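# Working through the structure, step by step
Each chain is listed here by its residues.
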Amino acid sequence: MIDLYLDLPVWIQSALKGLIVIMVIIPIAGACSLAERKVSAWIQGRPGPNRATVPWVAWIPFFGKFLQRLGVFHLMADGAKFIFKEDVLPGHVNKFYYYLAPLVALVPALCTIVVVPFGAYFDAATETLQPVILANVDVGILAVFAIGSLSVYSLILAGWASNSKYPFLGGVRASAQLISYELSMTLSVIPVFLWVNAPGGNGTLSLFDVVQSQSQPGFLGGMWFVFLMPLCAFVFLVALFAETNRQPFDMPESEADLVGGFHTEYGEFKWSLFFVAEYAHMTIGSGVFVLLFLGGWNPLPWVPLAPLIAGLPIWLGGLIGIGVFLAKSLAFIFLFMWIRWTLPRFRYDQVMTIGWQKLLPLAIGNVIFYALAIAVIERS
Amino acid sequence: MSFKTVERKPLTFAERTYVPQILSGLKTTLRHMVKPKETLEYPETRPIIPDGYRGVPTLVKDPHGREKCVSCQLCEFVCPPKAIRIKPGEISAESDQAHVEKAPEEFDIDMLRCIYCGLCQEVCPEEAIWLQNVFSMSGYTREEMVNDKTRLYELGGTLPDDHFKWDKKKAAEEAGNAAH
């Protein structure tokens, strides 16, 4: 089986790997939409969706009931509904861009995963930890930012192509908001990479190396960056919320004042693509946060993964690495939802004030502070 | 001086960052998340109906199985939306209830008109019409939504009676003061 796989041409191998990753990401994104409904329900004191079931699962004692109570079949029913609904095309839209926008939303969201390592395995031959990643390239975080920020085009396109005032306002807001928070986000990770790239070594922007530098021995070496640079983590977190258009920064959507924002004119499967994209973006954003600040696949601070899985078979070690990483990312997605159902939305001018007058100076000051601090530490 | 100047404090730095408020908000929502749920899962679990609830109006019988309504039509006249229609009838002379004289021949309450005000129950001198705890009335046709006499007695059932007024009257009529 393995030999058969290794005999395939490289591009087929890559395509297979990519497909597998997409087949994991999209269900996670779908499950997130269900989790969103459940978390909102629990926070509001409701049981949430728990009625739909399919007969042959309902017959399984206990487990079938559990799945039904969890609302798993609502997710399937919703998905099926989206696929089979009539494809409505409003008469006043620009057809080409109207159809393009949901695709533009989904493609960058799924592309960023290419450079995000989502686990690690122990290579017995070289006695080193290797990343489980689609393309282990050195641009890493830069590619995440570059491709991830393309998703704003989908909102602008959707807003503009809908040829209707509320979507248009949503699109305008999206562009302004994403541009303002992009800056703080990029600035907030600079100290991390200053710390990772010790002078004399090869410069790297790879996310794998970030995790590696959180798995060093010693007090400072094993410390997750969230403890080492809490301010960076905070700025990155706030910017991440704004970048993924999550409450309290969901200006482009803000259903209270803009009907549905950029997706007002969308329905059925196209609409659901926007949401799959949003959740995929959120999943990958949480993944990047976990890698940068929460030690990636290291189970606990000061407990690196490599010695734990060194003796295990390669697939088991790899699965443990992926499992730890996924668990952390999912916990982080829960934080996204928890915050969404806690905070009201900021007003648009507040969003701009926070972005330009608070967060950006904070990020710049933060970079200067850590640059100086790292210089002092490296010199001594 | 009869008033006191309250110092209005400017927001502290921590408050202006929103962070402490956000954290306390998160604490609140987390508490709600683990709390027992507030909602009922309706058709399976039913709400507890409080005493004196005004549900669907019904006709009741006394514990001896006598229909209490004497078709005085007070409820029909008091009914603000005119939901009640009564056709009075006579009780036949052979019946052992003949001294009550009247009973409704037909008694219809149109639930599409009824506003659940409870005036009929309030006005009834015989305590024969009661708004009980059925709160959900539905049907597919207009005809189905009109409760006729049989249906009203089905819904109403029997309620306890402290007086047995008509039994006492009959006893008094037959035996005079010796009845006591």
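Please refer to the structure placed before this passage.
The model shown is predicted, which means the values in this text are computed figures rather than measured ones. (Residues numbered from 1 in each chain as written. Chains lettered and ligands numbered in written order. Predicted model: local features only at pLDDT ≥ 70, side-chain atom pairs only at ≥ 80, totals over all residues. Heavy atoms only, no water.)

## Comments concerning the overall build of chain A
What counts is decided by this rule: Helix numbering and strand numbering both begin at the N terminus, where a helix is a DSSP run of H or I of at least 4 residues and a strand a DSSP run of E of at least 2. What the globule rule says is 2.2 Å times the number of residues to the power 0.38, and the radius of gyration is computed from C-alpha atoms. In this scheme, a residue with accessible area under 20% of its type's maximum is buried, one over 50% is exposed, and one in between is partly exposed, where area comes from a 1.4 Å probe on protein chains only. Working rule for contacts: check all heavy atoms of both residues, and any pair within 4.5 Å makes them a contact. Residue burial considers only the protein chains on display, and all accessible areas are found by Shrake-Rupley using a 1.4 Å probe. His is not counted, nor are the chain ends, whereas Lys and Arg count as positive and Asp and Glu as negative. A single reference atom marks each charge: NZ on Lys, CZ on Arg, CG on Asp, CD on Glu.
Broken down by element type, chain A carries 16 helices and two strands. A compact globule built from 380 residues would reach a C-alpha radius of gyration of about 21 Å, and chain A, at 22 Å, matches this within 12%. Principal axes of the C-alpha set define a box for chain A whose edges measure 65 × 55 × 45 Å. For chain A, buried positions account for 50% of its 380 residues. Pairs at least 24 residues apart make up 75% of the contacts formed inside chain A by residues separated by at least 6 positions. About 17800 Å² of surface is accessible on chain A, with carbon and sulfur atoms providing 73% of the total. Side chains of chain A carry 20 positive and 21 negative charges; the gap between the two charge centres is 12 Å.

## Comments concerning the interface of chain B and chain A
Rules: The buried area of a pairing is the accessible area, by a 1.4 Å probe, that goes missing from both parts when the two are put together, added over both. A pairing counts as a salt bridge when a side-chain nitrogen of Lys or Arg comes within 4 Å of a carboxyl oxygen of Asp or Glu. Polar contacts here mean pairs of N or O atoms no more than 3.5 Å apart (in protein, one a potential hydrogen donor and the other a potential acceptor; neighbouring residues in sequence count only if both atoms are side-chain atoms). Only Asp, Glu, Lys and Arg are considered charged, only Ala, Val, Leu, Ile, Met, Phe, Trp, Tyr, Cys and Pro nonpolar, and every remaining residue, Gly among them, polar.
Contacts between the two partners involve 16 residues from chain B, matched on the other side by 18 residues from chain A. In total, chain B and chain A occlude about 1500 Å² of area from one another, counting both sides; carbon and sulfur atoms represent 69% of this. It is L26, M33 and E41 of chain B that lose the most area in chain B upon contact with chain A, and together they represent 36% of the buried surface on that side. One can count three salt bridges joining chain B with chain A. Between R69 of chain A and E41 of chain B there is a salt bridge whose closest N-O contact spans 2.7 Å. Across the contact surface, chain B and chain A share seven residue pairs in polar contact (both at pLDDT 80 or more). Of the residues contributing to the side of chain B that touches chain A, the split by class is eight nonpolar, four polar and four charged.

## Some remarks on the environment of N245 of chain A
All names here are of chain A. The topology assignment puts N245 in the loop between α12 (230–243) and α13 (268–293). Each C-alpha atom, one on N245 and one on I377, is 37 Å from the other, the two residues being 132 residues apart in sequence. Ignoring anything within four residues of it in the chain, the contact list for N245 reads L155, Q177, L178, D250, P252 and E278.

## Describing the packing of helix α6 (residues 95–111) of chain A against helix α8 (residues 151–161) of chain A
All names here are of chain A. Heads up, the rule is: Axis lines are fitted through C-alpha atoms, for helices just across the contact stretch, and the angle between N-to-C directions can take any value from 0 to 180 degrees. Working definition: roughly parallel below 35 degrees, roughly antiparallel above 145 degrees, roughly perpendicular at 65 to 115 degrees, and oblique for all remaining angles. Here a crossing is taken to be left-handed if its near helix is turned anticlockwise relative to the far helix by less than a right angle, and right-handed if that turn runs clockwise.
Interhelical geometry of α6 versus α8 gives an angle of 165 degrees and a closest axis separation of 8 Å. Here α6 lies roughly antiparallel to α8, going by the angle between them. As α6 packs across α8, the resulting crossing turns out to be left-handed. Contacts between α6 and α8 involve Y97, Y98, L100, A101, V104, A105 and P108 on the former and, on the latter, S151, Y153, S154, L157, A158, W160 and A161. Residues of the contact of α6 with α8, tallied by class, amount to twelve nonpolar, two polar and no charged.

## Structural notes on the pairing of strand β3 (residues 102–110) of chain B
Residue and element names in this part refer to chain B. To be explicit about the condition: Pairing between strands is defined by DSSP: at least two bridges between the two strands are required.
For strand β2 (residues 84–90) and β3, the ladder comprises seven bridges, and the chain directions are antiparallel. The residue of β3 that forms the bridge with P88 is P104. Relative to strand β5 (residues 146–147), β3 is paired through two bridges, and the arrangement is antiparallel. Each residue of the ladder has a partner; that of D110, found in β5, is V146.

## A few points about unusual backbone geometry
The residue F62 of chain A is not glycine, and still its phi comes out positive at about 60 degrees. F62 of chain A gets classed as exposed once you look at its relative accessible area, which sits at 70%. Even without a glycine there, the phi angle at Y116 of chain B is positive, about 55 degrees. Tracing the chain through its elements places Y116 of chain B in the loop between β3 and α4 (119–123).

## Remarks on the pairing of strand β2 (residues 128–131) of chain A
All names here are of chain A. Every second residue of β2 is oriented toward a common face, the buried set being L129 and P131 and the non-buried set T128 and Q130. Pairing of strand β1 (residues 120–123) with β2 involves four bridges; the strand directions are antiparallel. Across the sheet, D123 pairs through a bridge with T128, a residue of β2. Taken together, β1 and the strand that follows it, β2, pair antiparallel across an intervening segment of four residues, in which E127 is found at a positive phi of about 55 degrees.

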